[in-house]
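The primary structure of each chain is shown beneath.
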Amino acid sequence: MSIQIPRGTQDILPGQSEIWQYIESKARDLSRRYQYSEIRTPLFEHTELFLRGVGDTTDIVQKEMYTFQDRGGRDLTLRPEGTAPVVRSYVENKMFGLPNQPVKLFYFAQMFRYERPQAGRYRQFVQFGVEALGSSDPAIDAEVISLVMNLYKELGLRKIKLVINSLGDKDSRTAHREALMAHFSPMIHEFCSDCQNRLEKNPMRILDCKKDREHELMKTAPSILEYLNNESAAYFDKVKQYLTDLDIQFVVDPTLVRGLDYYNHTAFEIMSDAEGFGAITTLCGGGRYNGLVEELGGPETPGIGFGLSIERLISALAAENITLPVDTQLDCYFVAMGDAAKDYTVKLTQALRLQGFSADRDYQNRKVKAQFKAADRLNAKFVAVLGDDELLENKISVKNMTTGEQTSVSLDSFVEEFSRLQA
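Below, the structure is looked at part by part. (Residues numbered from 1 in each chain as written. Predicted model: local features only at pLDDT ≥ 70, side-chain atom pairs only at ≥ 80, totals over all residues. Heavy atoms only, no water.)

### Here's the deal with the sheet that holds strand E2 (residues 44–46)
No. 1: Spatially, the 3 strands line up as an open sheet ordered E2-E4-E3, and their pairing is antiparallel. Each edge of the open sheet is held by one strand with a lone partner, namely E2 and strand E3 (67–69). Strand-to-strand twist across the sheet, computed as the mean angle between neighbouring axes with direction ignored, equals 35°. (Pairing = 2+ DSSP bridges. Helix = DSSP H or I, 4+ residues; strand = E, 2+ residues; numbered from the N terminus. Axes fitted to C-alpha atoms, helices over the stretch in contact; angles between N-to-C directions.)

### A word on the pairing of strand E6 (residues 124–133)
Regular strands place their side chains on alternate faces of the sheet.
No. 1: The element E6 is extensively covered by neighbouring structure, given that 9 of its 10 residues are classed as buried.
No. 2: Note that strand E5 (residues 103–112) and E6 share 10 bridges and pair antiparallel. Along E6, the bridge assignment pairs leucine 105 with glutamate 131.
No. 3: Sheet topology places E6 next to strand E11 (residues 303–309); 7 bridges connect them, and they run antiparallel. By the bridge assignment for E11, glutamine 127 is matched with serine 309. (Buried < 20%, exposed > 50% of the residue type's maximum accessible area, 1.4 Å probe, protein only.)

### Thoughts on the nonpolar core
No. 1: Counting residues in each nonpolar core, the largest one holds 46 residues, and the members touching the most others are Tyr36, Phe128, Tyr152, Leu162, Phe306 and Leu308.
No. 2: No other element matches helix H5 (residues 138–154), which puts 9 residues into this core.
No. 3: The next biggest cluster of nonpolar side chains, apart from the first, holds 24 residues, and it includes Phe50, Val61, Tyr90 and Phe125. (Core = buried A, V, L, I, M, F, W, Y, C linked by side-chain atoms within 4.5 Å.)

### A closer look at helix H4 (residues 83–92)
Note that an α-helix has 3.6 residues per turn; residues three or four places apart therefore point the same way.
No. 1: In terms of burial, H4 is largely enclosed, as 9 of its 10 residues are buried.
No. 2: Where H4 ends, the next residue or the one after it, lysine 94, has phi of about 55°, a positive value.

### So, the pairing of strand E12 (residues 330–337)
No. 1: Of all 8 residues in E12, 7 are buried; the element is thus mostly enclosed.
No. 2: The pairing of E12 with strand E13 (residues 359–361) spans 3 bridges and is classified as parallel. When the sheet's bridge partners are listed, cysteine 332 is paired in E13 with alanine 359.

### Points about the side chain of histidine 265
No. 1: Along the polypeptide, histidine 265 turns up in strand E9 (residues 264–272).
No. 2: Residue contacts for histidine 265: discarding those within four places in its chain leaves Asn165, Ser166, Leu167, Gly168, Asp169, Ser232, Tyr235, Arg288 and Asn290. (Contact = heavy atoms within 4.5 Å.)

### Structural notes on the sheet that holds E13
No. 1: Judged by pairing direction, the sheet is mixed, and its 5 strands sit side by side in the order E13-E12-E14-E15-E16 without closing on themselves. Only two strands of the sheet have a single partner each, and these edge strands are E13 and strand E16 (406–410). For this sheet, the mean inter-axis angle between neighbouring strands, taken without regard to orientation, is 25°.
No. 2: In the packing of helix H13 (residues 368–377) onto the sheet, contacts are made with E12 and strand E14 (380–387), and the angle to E12 comes to roughly 175°.

### Notes on unusual backbone geometry
No. 1: Put simply, glutamine 101 and proline 102 share a cis peptide bond, and its omega is -5°.
No. 2: A positive phi angle is found at glutamine 35, which is not glycine, with a value near 70°.
No. 3: Relative to the assigned elements, glutamine 35 resides in the loop between helix H1 (17–33) and strand E1 (37–38).
No. 4: Despite not being glycine, lysine 94 shows a phi value in the positive range, around 55°.
No. 5: Mapped onto the fold, lysine 94 is located in the loop between H4 and E5.

What follows is the structure, given as structure tokens:
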């Protein structure tokens, strides 16, 4: 019996992997322009990191983590999200002491969550994320949001919507918490068990419940915006001002609650409005997490970031019928006729590769016609044809597959002549 791929995972095959590489290169280039540097953290961390850093009332911790004990009896968890590991590394490596502040980081990382697989959502998935640590300037909130909005724009997405909210500072959240508890307590028995557990621990998370979203009390729940103190309201106003200055359109949604406990002040999501994208429209989520660094043993340090699923991004591109300009052309394919010529193309293929060109040759002992067909399938720009007779004459024929023009060049200067033809 053949072994199948585990449920909720996927193989990214040639033809698809080039799309991933294109997206990753765009994200890396954009991160460079915004001065974010790459960080790579372990695939697994101590489970306590996510219990403390993500929050024990979250779905991630309660239902979705892949947790195991290693042979030494240590509790470890496959990384379910990117922020807590980055902050752990920030504290452990004392990046708060670096001369250049804030510390601006980005990552590409595999995540693991045990949830029901569906279109664009997997149990193993890849996130691109950024984290900016060390600044409480609302301008950096706008910068982080503009980075991801520009990524979507440069990839061609148009049917997207930015939704923002403020979760306020600690005092604002405390006042809102009390109002939510008073609002939901009388009828909490009508809500799901998750909401009942959240009432005392983190009542704001009730607003994020998918099961009870249509309950009447959800529609009349107190808005966090009504409980923002002057400082939190002024901060949110500044974020909105900067987004407006950057020509970034947004919608304020006072019911927006991110699914992780560490968020405060700015919270945001980016959603797809493309027809046929699916019921779950969220592409990206992020926000500010002042206090998380202290929770993980570091000094008082503000932070903000986001995470987006590459799989969801690719689904959004498909929903808008966007084809990325992925370059899969081969620079040169060698067609050989005769044993001596076949042997010689081994050296020629390597010579082109060492000069930065993509090159290939036949390894199946195919006839000449089949070799030309292989060149077509590989979308070769040029085909270099070498026979035993041409080898004796120290010449090789190079054909431009677009124009059909054919040029005979000396084998001694083949690499130089090929470079000229490519220019």
